[in-house]
Structures are given as structure tokens and as C-alpha cells.
There are 2 protein chains.
Amino acid sequence: MTRLERDDSDIIERIDHEERVFSGKLVKVNRLDVTLPDGRPAMREAIRHPGASAIVPVDADGLVTLVRQFRAPIGRVLLEIPAGKLDHPGEDRAEAARRELREETGLSAGKWTHLTDIVTTPGFCDEVISIYLAEELTRGETDPDEDEFLNIVKMPLSELTERVMRGEIADSKTIIGALMAQELLKEDGHGV
Amino acid sequence: MTRLERDDSDIIERIDHEERVFSGKLVKVNRLDVTLPDGRPAMREAIRHPGASAIVPVDADGLVTLVRQFRAPIGRVLLEIPAGKLDHPGEDRAEAARRELREETGLSAGKWTHLTDIVTTPGFCDEVISIYLAEELTRGETDPDEDEFLNIVKMPLSELTERVMRGEIADSKTIIGALMAQELLKEDGHGV
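Given the structure is predicted, the values throughout are model-derived calculations rather than measurements.

Conventions we followed
- Residues numbered from 1 in each chain as written.
- Chains lettered and ligands numbered in written order.
- Predicted model: local features only at pLDDT ≥ 70, side-chain atom pairs only at ≥ 80, totals over all residues.
- Heavy atoms only, no water.
- Contact = heavy atoms within 4.5 Å.
- Buried area = accessible area lost by both parts, 1.4 Å probe.
- Salt bridge = Lys/Arg side-chain N within 4 Å of Asp/Glu carboxyl O.
- Polar contact = N/O pair within 3.5 Å; in protein donor to acceptor, adjacent residues only side chain to side chain.
- Helix = DSSP H or I, 4+ residues; strand = E, 2+ residues; numbered from the N terminus.
- Nonpolar A, V, L, I, M, F, W, Y, C, P; charged D, E, K, R; others polar.
- Least-squares fit on C-alpha atoms with pLDDT ≥ 70 in both.
- Expected span 1.5 Å × (residues − 1).
- Buried < 20%, exposed > 50% of the residue type's maximum accessible area, 1.4 Å probe, protein only.

Points about the interface of chain B and chain A
Taken residue by residue, the interface counts 79 residues in chain B and 79 residues in chain A. Between chain B and chain A, the buried area comes to about 6800 Å², and carbon and sulfur atoms account for 63% of it. Viewed at the interface, chain A and chain B are joined by 2 salt bridges. Two residues, D8 of chain B and R68 of chain A, come together in a salt bridge whose shortest N-O distance is 2.4 Å. Here chain B and chain A share 22 residue pairs in polar contact (both at pLDDT 80 or more) between them. Ranked by residues supplied to the side of chain B that touches chain A, first place goes to helix α3 (residues 172–187) of chain B with 8 residues. In terms of residue class, the side of chain B that touches chain A is made up of 43 nonpolar, 10 polar and 26 charged.

Some details on the relation of the copies chain B and chain A
Once chain B is rotated about the relating axis by 180° and shifted along it by 0.0 Å, it coincides with chain A to within an RMSD of 0.0 Å. Both chain copies can therefore be described as sitting about a two-fold axis. Closest approach to the rotation axis within chain B is made by the C-alpha atom of T120 of chain B, at a distance of 2.8 Å. A share of 100% of the interface residues of chain B reappears at the interface of chain A, consistent with the copies meeting face to face through the same patch.

Thoughts on the side chain of D126 of chain B
Within the secondary structure, D126 of chain B is located in the loop between β8 (107–119) and β9 (128–139). There is a polar contact of 2.8 Å between the side chain of D126 of chain B and the backbone nitrogen of H49 of chain B. Not counting the four nearest positions on each side in its chain, D126 of chain B is found in contact with P73 and I74 of chain A together with I47, R48 and H49 of chain B.

Remarks on helix α1 (residues 93–105) of chain A
Because each turn of an α-helix spans 3.6 residues, side chains separated by three or four positions in sequence point in the same direction. Residue and element names in this part refer to chain A. Given a rise of 1.5 Å per residue, 13 residues ought to cover 18 Å, and the 18 Å separating the end C-alpha atoms of α1 matches this to within 8%. Among all positions in α1, only A96, A97, R99, E100, L101, E103, E104 and T105 are buried. Taken together, the buried residues of α1 touch β4 (52–57), β5 (63–71), β7 (83–85), β8 (107–119), β9 (128–139) and β10 (150–156). The N-terminus of α1 is capped by D92, whose side-chain oxygen sits 3.3 Å from the backbone nitrogen of A94.

Here it is, written out as C-alpha cells:
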């Protein structure tokens, strides 16, 4: 038995009941009544999110296309990789990635590589973002959502990862996409 | 003017009004009435979170100490770096990191390096996690929160980053902490 396959029965909670306690436009909150590993009851809260796909689009010159977007919850503009929510839970994540890349940047890609799936904040939310590397890019028209305002910027992927290492990039999916794409392309001998 | 200093006035939303619409045990949801860049009104939702600190504890042998924890919102156990919420918004984040490392793992560190601050999911939440590399570790007693059940595991940092690159690590702060610590220690010549 390796360390990662160890017995977790002493830390697993049993979920006894789940019910919706708040339903907003985007945010849905459920209350979970659980039984702790020691038998005591406890309450957890879980935001139910449909999930999302995100894309690191890297062209033949090693330039990555990013979006600048105002994020109302933090009151400032963030530099991010293109991304968007699934239209419905269970939507094909690769298909959502193709759609969001096209809508936000106008780009289509001939080569797709799944980098990883991340849970953004598992203490209180079930959001999973699937992150893809997109290569062999061709340019078309953008088609953003009607309440979505974006500025597109391009920079070398190596510059983005340097900014990550200097602590200048705040968005978690963007940090992960940049570092994993850089590592993967380095391994493949596509020094960027 | 570099590309990152470009004028964002065409994408900035004005926040006109904010009010609490749900207040749970942990999750607080605010409604934001905003004016879009084109002058139309819109509504955003923002989960207000106190923030958190997370720690990548790496010992002299290059072993990183991790916690396995059941996460009710996703119904499974995740492998994560030690982390915890701030006791109150504005708490000193380095102090919170020292406390959480001690409570969850029993470790104290003689050398601390701030890696970065991340926003986990800026579309609907203001959570910021500060991530630190902790070195020169000494061992004491753990003191977990009363409703927190953890299993501690150790592995080489290089093994953790290999698991990240294979898509086996889901937690976003853990992926970022692992990749940035590995890169930083490599640059410092502490090949791990």
C-alpha cells in the first residue's frame, strides 16, 4: 500500500442530508448535514457550481493569448487565461473549451491537450475547472457574452511564467495553466 | 506603456450598491448592482470570504508534509498542502500561516518565503490565499480544529510535482504551491 492509497476511513464524513438554502442568479448554496468520523453531527455548506473550462492558447511563436477582465467580487481587473462556465452540469468539457476560446478570443485550435482538472476551493464549493493547452491556432471573430467585457493581450508564455514566479499573477487557473503548459512544452522540446 | 499597463477604462464596471442576501455559517453572499462599461445595469453575486493562508513545508531531505482531508462539497478526500482560514479579515497572513502549519502538522519553521497570493475563483468570490514555502522545520504537537479530521502524509516534493503534471492533484492551492516551490528551490540550487 503506497502512502496515497492509505485507509482514509478515519477521516471520512457521512453526508446524511443536503438541501438548498440559497438560490441566486449564479450562486446556489446547499446545507449539508454530516456525521463526523467520531460520530458527532456537524453542518457544512457547499456552493453548487456547474464547472468550467479554461484554455492556454499558445501560438507557433510561443505567444499566449490572455484576457483582461473586471472581476466585481474583488473590484479589480485580472489577467486570465480564456475560460467560461459550462452551459449545464455534465456538458462536454472539451467542447466548452472550444466554445469559450472562440467566443472570448476568436481563436480555433488544431491541437488540444488536456492539462488537468482543478477544484478551486473545495472547502465550500464543488467547482471543477478543466484546463487545456490549445496549439495550432487560427484566428476568427470574437463573440463574447452580452454582459462580458474583455481586453485581449498577448505575451510570450515564458514572460507569463516569470510574472507568475514574481507573484504578479493572481488568478489560480491562470497560474496553473501557465506553469503546466510551460513545463509540458519544455518536456516536448518546444522551448518557449 | 506596456501591455499590462494598458487602459482598462473600457472594461471596468462601476459598483453602485452592495447588500448581503445570504448569511450562512461560513458562506456569506452579497448582491452587487453594477453599471457595465456600456452604461447598462447588471447584477453580480459575490461570496465574501475572510481569506486563508497555505504552506508548503519542505524539510532538509526535500520531503513535503501534506494533509489528506475529506471535503464534503465534493464528497471525497483531497491531498492538500496545510492551510486554513484567517481568524478574521485583515489578520496577519504570515501569522495565520505559522498557526495553521503548527495546528495541522505540528511543524514550526525557521525560514519562511512568501510564494504568491492567489484568488481562487474571482468570478463569484473574493477569497485570497497567501501561499508560503516553509523550511528549516522542527516537529511539535498537532492541534487540529475540533471538527477537522486530517491524515498527514509525506513525499518528496519532486514526486508531488510529478503527480501534478500527471493531473493527479486536484486542489488548486496545492498545485500552485508545489510548482512554485519546486521552481524556486531549483533556482536556489537546492535540487529536490
